[in-house]
Each structure stands twice: as structure tokens, then as C-alpha cells.
Amino acid sequence: YNPMSMFFNDRKSFDMATKYADDNGFEYDAYMKYRSDIITSSLPEINISNEYEIHSVIPWCNHTAPIVTREPLGYGEEVPWVSDAIVYGNRKSMNAYTETYNFCMEMLELFEGRYPCNFEPSVTQNAYDKNLSVKYFNNPYSLDSSRHQ
């Protein structure tokens, strides 16, 4: 599975949702990324907010990633992963979250091809690069392995 494909599709899905809202003259309370291979007994409770923040499920493999620094170019402090599975926020926040594809392309250029585009680490680095506030919630889940065959 290719993370860049996922990032590209995340953005296209967000663009379709915002276009639909715009074309029909309304705004969603929240925009959510929810992977289709998730198995869980409940959906998260949505906290509607106008703040520049995303709400991320605590990833089942809860690790950390270093943030990207631009001056000097490199890596900084370690922060908890932002999920690539279940995340939601308002339009402005999810607009930034779904910029991960473009963020990776920019980092590949800045790091001269030596930037590892990975799932949660790249989503996390993009969120922190965009100065998004990250709120975490617990919603245990597993992934349906039959969806990856």
C-alpha cells in the first residue's frame, strides 16, 4: 500500500466534500477521514469546533515522530503520532490536514529525495508544520486484514 496514494485520495475526497457543500449552500459541522477498513463497535463522538484544530483517534500503534524544522532544515522534537485512520475537524483544519501529499512533495524536494513519506509520521509532520492544534480521543479499533489482500 502506498502512502502517497492515500494522501492524494484523502485530498481528493476532501475537495469533493467541500465542493458538494459549496454547490448546495451549506457547511458540514465537521469533515472526517475514516478509513474503510476499520472495525470498531462505535463511532467517535464529534466535538464541533471553530478552532484551528484536528481531533485524532489515538493510533493503535501509538508511537512518536520528529517534527520537521525548516530553519535549519532537519528534525526537531518528538511528538505523538496523528492518526491516518480516524481524524476530524472543521473545514479550515481538515484543509490543512489533507495537504499531506503536497507537504511530502515539498519535503522530498527540500531533503533532496531523502524524506521518507510514511503514513502516520508524514501526517503528523504535516499537521505540526501547519501549526494545527491536535486533540486526541480514545476509540479502540482494529483493521480488517481481509481488505488488504
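See the structure printed just above.
All of these numbers come straight from a predicted model, not from anything done at the bench.

Conventions we followed
Residues numbered from 1 in each chain as written. Predicted model: local features only at pLDDT ≥ 70, side-chain atom pairs only at ≥ 80, totals over all residues. Heavy atoms only, no water. Helix = DSSP H or I, 4+ residues; strand = E, 2+ residues; numbered from the N terminus. Rg over C-alpha atoms; globule rule 2.2 N^0.38 Å. Buried < 20%, exposed > 50% of the residue type's maximum accessible area, 1.4 Å probe, protein only. Contact = heavy atoms within 4.5 Å. Pairing = 2+ DSSP bridges. Expected span 1.5 Å × (residues − 1). Arc of directions from axis to C-beta. Polar contact = N/O pair within 3.5 Å; in protein donor to acceptor, adjacent residues only side chain to side chain.

A. Representation of the overall build of the protein. Scanning the protein from N- to C-terminus turns up 4 helices and 8 strands. Secondary structure elements of the protein, listed N to C terminal, follow the sequence α-β-β-β-β-β-β-α-α-α-β-β. For 149 residues, the compact-globule estimate of 2.2 N^0.38 gives 15 Å, and the C-alpha radius of gyration of the protein, at 15 Å, lies within 12% of that figure. Principal-axis analysis of the C-alpha atoms gives the protein an extent of 40 × 35 × 30 Å. Here the protein holds 149 residues, and 42% of them are scored as buried.

B. The arrangement of the environment of Thr 64 in detail. Residue placement: Thr 64 occurs in strand S4 (residues 64-70). Taking C-alpha positions, Thr 64 is 9.0 Å from Glu 120, a pair spaced 56 residues apart along the chain. Beyond its immediate sequence surroundings of up to four residues, Thr 64 is in contact with Glu 78, Val 79, Pro 80 and Trp 81.

C. Examining unusual backbone geometry more closely. Cis rather than trans, the peptide bond between Glu 71 and Pro 72 has omega equal to 0°. Among the structural elements, Pro 72 can be located in the loop between S4 and strand S5 (73-80). Within the chain, Asn 131 stands out as a residue other than glycine whose phi angle is a positive 60°. Topologically, Asn 131 is positioned in the loop between helix H4 (119-129) and strand S7 (133-137). The class for Asn 131 is exposed, based on a relative accessible area of 62%.

D. Up close: the pairing of strand S1 (residues 31-34). Where burial is concerned, the two faces of S1 differ: the one with Tyr 31 and Lys 33 is buried and the one with Met 32 and Tyr 34 is not. Bridging between S1 and strand S6 (residues 86-89) involves 4 bridges; their strand directions are antiparallel. Paired with Lys 33 across the two strands is Val 87, which belongs to S6.

E. Focus on the environment of Trp 81. Position of Trp 81 among the secondary structure elements: in the loop between S5 and S6. As a C-alpha pair, Trp 81 and Pro 121 span 40 residues in sequence and 6.4 Å in three-dimensional space. Beyond its immediate chain neighbours, meaning those up to four positions away, Trp 81 contacts Pro 59, Cys 61, His 63, Thr 64, Ala 65, Glu 120, Pro 121, Thr 124 and Tyr 136.

F. The side chain of Asp 10, seen in detail. Along the chain, the position of Asp 10 falls in helix H1 (residues 3-23). With residues up to four places along the chain from it excluded, the contact list for Asp 10 reads Lys 33 and Thr 98.

G. How the structure looks around H1. Between its first and last C-alpha, H1 extends 30 Å over 21 residues, near the 30 Å set by a 1.5 Å rise per residue. Taken together, the buried positions of H1 are Pro 3, Met 4, Met 6, Phe 7, Asp 10, Arg 11, Phe 14, Thr 18 and Ala 21. Projected down its long axis, H1 shows its buried positions confined to an angular sector of 165°, all on one face. Looking at H1, the residues exposed on the side facing more than 90 degrees away from the buried face are Met 16 and Asp 23. One side-chain oxygen of the residue at the start of H1 lies 2.7 Å from the amide nitrogen of Met 4, identifying that residue as Asn 2. Two residues or fewer past H1, Gly 25 is found with a positive phi of approximately 65°.

H. Representation of the environment of Asn 90 within the structure. Inspection of the secondary structure assignment puts Asn 90 in the loop between S6 and helix H2 (91-97). Residue classification places Asn 90 among the buried residues on the basis of a relative accessible area of 12%. Taking the C-alpha atoms as reference points, Asn 90 and Ile 67, separated by 23 residues in sequence, lie 23 Å from one another. Residues contacting Asn 90, with those up to four places away along its chain left out, are Tyr 31, Ser 49, Asn 50 and Glu 51.

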